[in-house]
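Here's the letter readout for the chains.
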Amino acid sequence: MITAVSIINGKEMQETVGEKQVWNPSDLTSQVGTIMYSPKESVRKAEQAAVSAQIEWAAKTGAQKSQLLYQLADAISTHAAEIAAAGSDEMGKPITEMKGEVQRAVQLFKYYAAEGVRPDGDTIPSSAPHVLQYAKRVPLGVVGVITPWNFPAAIPVWKIAPALICGNAVIWKPAENASLTAYKMMEVFKEAGVPDGLINLLIGRGREVGQHLLEEASIDALSFTGSTEVGRKAAKTCAARNIKYQTEMGGKNPAIVLKDADMKKTAAALLSGAFRSAGQKCTATSRVIVEEGVKEKLKEALLQEMQHVQVKPAREEEAYSGPVASKEQFEKVTHYHALAKKDGNVIAEADIPSQHGYFISPLIVEAIDTSHELWREETFGPIIVLVSASDTHEAISLSNDTVFGLSASVFTNNLSEAHRFLEETNAGMVRVNQETAGVEYQAPFGGMKESSSHTREQGQAALSFYSETKTCAVNYGWQL
Ligand code: NAD
């Protein structure tokens, strides 16, 4: 059992404004921990700790910063099994996926650790004689990091690691439903030797502590991942305060299947993209657009592949998918599930365990109109809506028929059609013969349209976000 409390300046906060017992979404009779909510006044303490820690941290050499990030990678690796178990028990992600996610956190720390000894700027020829001109990255200061529950280990690390290597201190507010995992990770960070105040964990409610962090704290930047509704508010607040920000939000990701696609492999990729983690990925496939002539062939292949979709308690190694994360998620996804059954034709539906948990059967439906909320809204659950298109042109137009623009895939071996899709699809991640979900830490990640504030995370893109550019010029000809 984990008791999650805020950790500010290296110390656990004693003051709380309420607590919540956390039950395992795979087994609602089993308590896995307690969340102790901090008052919004704790934000001020975190801010003071971060401001003073940042000054010392920024003064360290790149090699010293690099060393700490390698220590963090090693510590996460040592405690990988405990962190994965905490995430799986808290928000129901299948243990195999959760282990993979923790390994991703290790890779992220290592990737950004190496940046400590890589170039941090450019020299730019000056128009004047004997002038050395260069531009270099400098830290922003204190960065607020607000994270969602669906990747409780990887998303915080893909923000914290680049923030640290760029010389910033962090105030981290995880989602309520990921508080136990966040606390576990903070324990590991401490063990790795993170200086007091460099990373401060705020356990609290979004509308209290999160909002206070946004509106009142003297943070120099905000990195937010979560719903479009909260992300929009966060962007507005940061713009009004002239704070640098990035918001990564929802998706309604399409996958197009063209007539020459390998149906068996395609069906496997579609189900994996849509149903793993119970569809609770911002990049999950939720709309499938198939060329009319091969619709029946694809449906047969999907039915075959559905046999592998084993919904099981999250700790079972062979679980293809687990429960949804929480009561709120269960109610929200159940609403869309019922709508799908009422307004669509069910093509396939997987079984769920009888255990008392938040299990929702993965579902594939057709005959849903493109004006329907199932086509337009992010369901964040295991539901595929299948529609057909007469040709690639119509398929791309249907895939772009959304306010979101996070990820999109096409399945084809036709080089020309694949490139046409890559050119014409309005999404931050466009993929050929790969599921919509899944990203690589060394590549830029983020969405277009309403999915993002148009910045990018991960890879080299994160280094630009977590720093300012200072242009320096030295006239060494002054005394010549
Ligand atoms: P959410 O918006 O409810 O919460 C996200 C975070 O914001 C949490 O830490 C929460 O406590 C905090 N928060 C809530 N209200 C706040 C307020 N008024 N002020 C400040 N902070 C506040 O989202 P969620 O349910 O945790 O996550 C699911 C959403 O995240 C989905 O829409 C999903 O698509 C999106 N997501 C996007 C990406 C991406 O990279 N684009 C990745 C993962 C998840």
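Residues numbered from 1 in each chain as written. Predicted model: local features only at pLDDT ≥ 70, side-chain atom pairs only at ≥ 80, totals over all residues. Heavy atoms only, no water.

1. Side note on the overall build of the chain
Moving on, step 1. Counting its regular elements, the chain contains 15 helices and 22 strands.
Moving on, step 2. Once the C-alpha set of the chain is aligned to its principal axes, its extents read approximately 80 × 60 × 40 Å.
Moving on, step 3. Within the chain, the fraction of its 480 residues that count as buried is 59%.
Moving on, step 4. In the chain, the proportion of contacts linking residues at least 24 apart, taken out of those at least 6 apart, comes to 73%.
Moving on, step 5. In the form shown here, the chain has an accessible surface area of approximately 19,400 Å², with 49% of it arising from carbon and sulfur atoms. (Helix = DSSP H or I, 4+ residues; strand = E, 2+ residues; numbered from the N terminus. Buried < 20%, exposed > 50% of the residue type's maximum accessible area, 1.4 Å probe, protein only. Contact = heavy atoms within 4.5 Å. Areas by Shrake-Rupley, 256 points an atom, 1.4 Å probe, with all protein chains shown as cover.)

2. Regarding the packing of helix α9 (residues 263-275) against helix α10 (residues 295-305)
Moving on, step 1. The geometry of α9 relative to α10 is characterised by a closest axis approach of 9 Å and an angle of 60° between their N-to-C directions. The angle between α9 and α10 falls in the class oblique. The element α9 and its partner α10 pack so that their crossing is right-handed. Taking contact as the criterion, the partners of Met263, Lys264, Thr266, Ala267, Ala268, Leu270 and Leu271 in α9 are, on α10, Lys297, Leu298, Ala301, Leu302 and Glu305.
Moving on, step 2. For the contact of α9 with α10, the residue count by class is 8 nonpolar, 1 polar and 3 charged. (Axes fitted to C-alpha atoms, helices over the stretch in contact; angles between N-to-C directions. Parallel < 35°, antiparallel > 145°, perpendicular 65-115°, else oblique. Left-handed = near helix turned anticlockwise from the far one by under 90°. Nonpolar A, V, L, I, M, F, W, Y, C, P; charged D, E, K, R; others polar.)

3. Quick look at the pattern of salt bridges
Moving on, step 1. Under the criterion given, the structure shown has 24 salt bridges.
Moving on, step 2. Residues arginine 44 and glutamate 47 are paired through a salt bridge, measuring 2.4 Å at the closest nitrogen-oxygen approach. Highlighted residues: arginine 44 and glutamate 47, both in helix α1 (residues 42-58), separated by 3 residues, approximately one helical turn.
Moving on, step 3. Between lysine 93 and glutamate 101 there is a salt bridge, with the nearest N and O atoms lying 2.7 Å from each other. (Salt bridge = Lys/Arg side-chain N within 4 Å of Asp/Glu carboxyl O.)

4. Focus: the site of the ligand
Moving on, step 1. Within the structure, the ligand sits among 28 residues, and Thr147, Lys173, Ser227, Met249 and Glu378 are positioned closest to it.
Moving on, step 2. Take alanine 175: an N or O atom from its main chain is 3.3 Å from an oxygen atom of the ligand.
Moving on, step 3. Glutamate 176 is positioned with one of its side-chain polar atoms (N or O) 2.9 Å from an oxygen atom of the ligand.
Moving on, step 4. Counting atoms within 2 Å of the grid points, the majority share of the ligand lands in the largest pocket.
Moving on, step 5. Contributions of two or more residues to the shell around the ligand are made by α7 (206-215) and β11 (221-225).
Moving on, step 6. By residue number, the principal contributor to the shell around the ligand is α7, which donates 5 residues.
Moving on, step 7. A per-class count over the shell around the ligand returns 14 nonpolar, 9 polar and 5 charged.
Moving on, step 8. Residues from two domains meet in the shell around the ligand; each of domain 1 (2-249 + 452-472) and domain 2 (253-432) gives at least three. (Near = heavy atom within 4 Å. Polar contact = N/O pair within 3.5 Å; in protein donor to acceptor, adjacent residues only side chain to side chain. 1 Å grid on protein atoms, 1.4 Å probe; cavity = no way out; pocket = protein on both sides within 12 Å on 5 of 7 lines; lining within 4 Å. Sits in = over half its atoms within 2 Å of the grid points. Domains from an automatic or database assignment.)

5. Things to note about the pairing of strand β16 (residues 363-366)
Moving on, step 1. Burial along β16 is two-sided: Leu363 and Val365 and Ile364 and Glu366, pointing in opposite directions, are all buried.
Moving on, step 2. For strand β15 (residues 345-349) and β16, the ladder comprises 4 bridges, and the chain directions are antiparallel. For asparagine 345, the partnering residue across the bridge sits in β16 and is glutamate 366.
Moving on, step 3. Pairing of β16 with strand β17 (residues 383-389) involves 4 bridges; the strand directions are parallel. Directly across from valine 365, in β17, lies its bridge partner valine 385. (Pairing = 2+ DSSP bridges.)

6. Some details on the layout of surface pockets
Moving on, step 1. Estimated volume of the largest pocket: approximately 1,300 Å³.
Moving on, step 2. Along its surface, the largest pocket is lined by 43 residues, and Trp149, Phe224, Gly226, Ser227 and Val230 are the ones closest to its centre.
Moving on, step 3. Counting only elements with at least two residues in the lining of the largest pocket, the list comes to α7, β11, α8 (228-241) and α11 (327-343).
Moving on, step 4. For the lining of the largest pocket, the class distribution of residues is 17 nonpolar, 14 polar and 12 charged.
Moving on, step 5. The two domains that each donate at least three residues to the lining of the largest pocket are domain 1 (2-249 + 452-472) and domain 2 (253-432).
Moving on, step 6. Taken as a whole, the second largest pocket holds about 360 Å³ of empty space.
Moving on, step 7. Around the second largest pocket, the lining comprises 15 residues; the ones closest to its centre are Arg104, Phe151, Lys281, Gly438 and Val439.
Moving on, step 8. Sorting the residues of the lining of the second largest pocket by element identifies α4 (95-114) and α5 (154-165) as the ones contributing at least two each.
Moving on, step 9. It is α4 that provides the largest number of residues to the lining of the second largest pocket, a total of 4 residues.
Moving on, step 10. Across the lining of the second largest pocket, the residue classes break down as 7 nonpolar, 3 polar and 5 charged. (Points joined across faces, edges and corners; volume = space filled by probe spheres on them.)

7. A few points about the domain arrangement of the chain
Moving on, step 1. Domains assigned within the chain are domain 1 (2-249 + 452-472) and domain 2 (253-432).
Moving on, step 2. At the junction of the two partners, domain 1 supplies 24 residues and domain 2 supplies 29 residues.
Moving on, step 3. Both faces combined, the contact of domain 1 with domain 2 buries some 2,100 Å², and carbon together with sulfur accounts for 53% of it.
Moving on, step 4. Contact with domain 2 buries area across many residues of domain 1, yet Ser26, Leu28 and Trp149 alone supply 25% of it, more than any other trio.
Moving on, step 5. When the shortest N-O distance is used, the salt bridge between arginine 315 and aspartate 89 registers 2.9 Å.
Moving on, step 6. Our count for the domain 1 to domain 2 interface comes out at 10 residue pairs in polar contact (both at pLDDT 80 or more).
Moving on, step 7. Put simply, the parts of the chain that give the side of domain 1 that touches domain 2 at least two residues each are β5 (27-36), α3 (80-91) and α4.
Moving on, step 8. The dominant element in the side of domain 1 that touches domain 2, judged by the number of residues it contributes, is α3, at 5 residues.
Moving on, step 9. Along the lines of polarity and charge, the residues of the side of domain 1 that touches domain 2 split into 9 nonpolar, 7 polar and 8 charged. (Buried area = accessible area lost by both parts, 1.4 Å probe.)

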